[in-house]
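# Descriptive analysis of the structure
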Amino acid sequence: MSKATGGTVVAAVIQMRSGRDVAANIDAATQLIRQAAADGATYVQTPEMTNLLERSRADLFAKISPEAEDPSVAAFSALAAELGIVLHIGSLAIRTGAEKAANRGFLFGSDGAMLARYDKIHMFDVDLPNGESWRESATYQPGGEALVVPAAGTLVGLGICYDIRFPALFRAQAGAGARVLTAPAAFTRQTGEAHWHVLQRARAIENGAFVVSAAQGGRHEDGRETYGHSLIVAPWGEVIAEVDGDEPGYALATLELEKADEARQRIPAIANQRTFTVVAPQGGTARTEAAE
């Protein structure tokens, strides 16, 4: 774990309602990023699928590109350099083959250099009570690496949307020193109303970390509804910034980084973590859990 250090980061979460037009989505994101930077943000995060929300598989593949050819990557790299900010693009749909794509997040430094790329690990394959059915793994290739990246004067753990339901990922990142955890999202309205706030706050509390999660919001051109309520949560669990509702916009908060160190000193859950063996009933399974 990183040693206690001070410093502040002015963080902004950008809330979007991405549609089916990549260029229009880039423009919408750019306008809000510029506003947040003008308001003092030095780390700006956009939601999952910033460049495109498209349920039709055929239409999706007609519009996405390999990373080297993707107009969003070039545009946001240049924007980060122009504004002198750390720009975290929550994710883009990136073509990785004829029939596969990546749900890929990008972190750009204040000079426009790419600091990291992260492919979403956990695929949203669910059937919801209201009849919604999602099979993310039918289109996207899951990633296999959890990333902790030096950025904005601290260590940042990268996640995307459904990852927030897998606490071991964020505990591993916190154990590696991350004081800022992230889960930019396109949460469905149904699951967001039930779980969005409590999941963000739980990951912050159990890891003594800031959680910064920009979100999609509202009814999109492809018919889906997302929850919005982009959040920044402090290490003690308080919501310190929120885009209230599902309209596009942004919210800012100053992250006092020593608050993460203070929370971990008060409740040293990471340091106190121990290995254990799960003993299951007959016919079940047993495995050993290792502390990170």
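Parameters and conventions
Sequence positions are assigned chain by chain, starting from 1 and proceeding in written order. Local features are withheld for residues below a pLDDT of 70 in this predicted model, meaning they are given only at 70 or higher, and side-chain atom pairs are given and counted only at 80 or more; totals for whole chains, interfaces and linings count all residues. Side-chain calculation: all heavy atoms of the structure are included, whereas hydrogens and water are not. By definition, any uninterrupted DSSP run of H or I lasting at least four residues is a helix, any uninterrupted run of E lasting at least two residues is a strand, and each is numbered from the N terminus. Atoms counted for the radius of gyration: C-alpha only. Globule rule: 2.2 Å times residue count to the power 0.38. Think of it in three bands: with a 1.4 Å probe and only protein chains considered, a residue is buried below 20% of the maximum accessible area for its type, exposed above 50%, and partly exposed in between. Note on areas: these come from Shrake-Rupley sampling with a 1.4 Å probe, and a residue is covered only by the protein chains present in the view. In this description, a nonpolar core means a group of buried Ala, Val, Leu, Ile, Met, Phe, Trp, Tyr and Cys residues linked to one another through side-chain atoms lying within 4.5 Å. Only centres within 6.5 Å qualify two rings of Phe, Tyr or Trp (six-membered ring in Trp) as a pair; their planes then separate them into stacked at under 30 degrees, edge-to-face at over 60, and tilted for everything else. We call a charge positioned over a ring when the NZ of a Lys or the CZ of an Arg lies within 6 Å of the ring centre and within 35 degrees of the ring normal.

### A look at the overall build of the protein
Within the protein one finds 7 helices and 18 strands. Its C-alpha atoms give the protein a radius of gyration of 18 Å, near enough to 19 Å, the size a compact globule of 292 residues would have. Here the C-alpha coordinates of the protein stretch approximately 50 × 50 × 35 Å along the principal axes. Split into buried and exposed, the 292 residues of the protein put 52% on the buried side. Split by element, the accessible area of the protein, about 12300 Å² in all, is 51% carbon and sulfur.

### What about the nonpolar core?
Among soluble globular proteins, nonpolar side chains are generally buried collectively. Counting residues in hydrophobic clusters, the biggest one holds 45 residues, and the most contacted among them are Phe-187, Ile-232 and Leu-255. Within the second largest apolar cluster, 33 residues are counted, among which are Ile-14, Leu-52, Ala-93 and Tyr-140.

### Some thoughts on the packing of aromatic side chains
Throughout the structure, instances matching the rule amount to 4 aromatic pairs. With a centroid separation of 6.1 Å and 5° between ring planes, the pair formed by Phe-106 and Phe-108 is classed as stacked. One exposure class covers both Phe-106 and Phe-108, and it is buried. Ring geometry for Tyr-162 and Phe-166: centres 5.2 Å apart, planes at 85°, overall edge-to-face. Given a relative accessible area of 27%, Phe-166 falls into the partly exposed group. What links up through ring pairs into an aromatic cluster is the set Phe-124, Tyr-162 and Phe-166. The side chain of Arg-266 reaches across the aromatic face of Trp-236, ending 4.5 Å from its centre.

### Quick notes on unusual backbone geometry
In this structure, Met-49 takes a positive phi of about 55° despite not being glycine. Mapping Met-49 onto the fold places it in the loop between strand E2 (43-45) and helix H2 (57-63).

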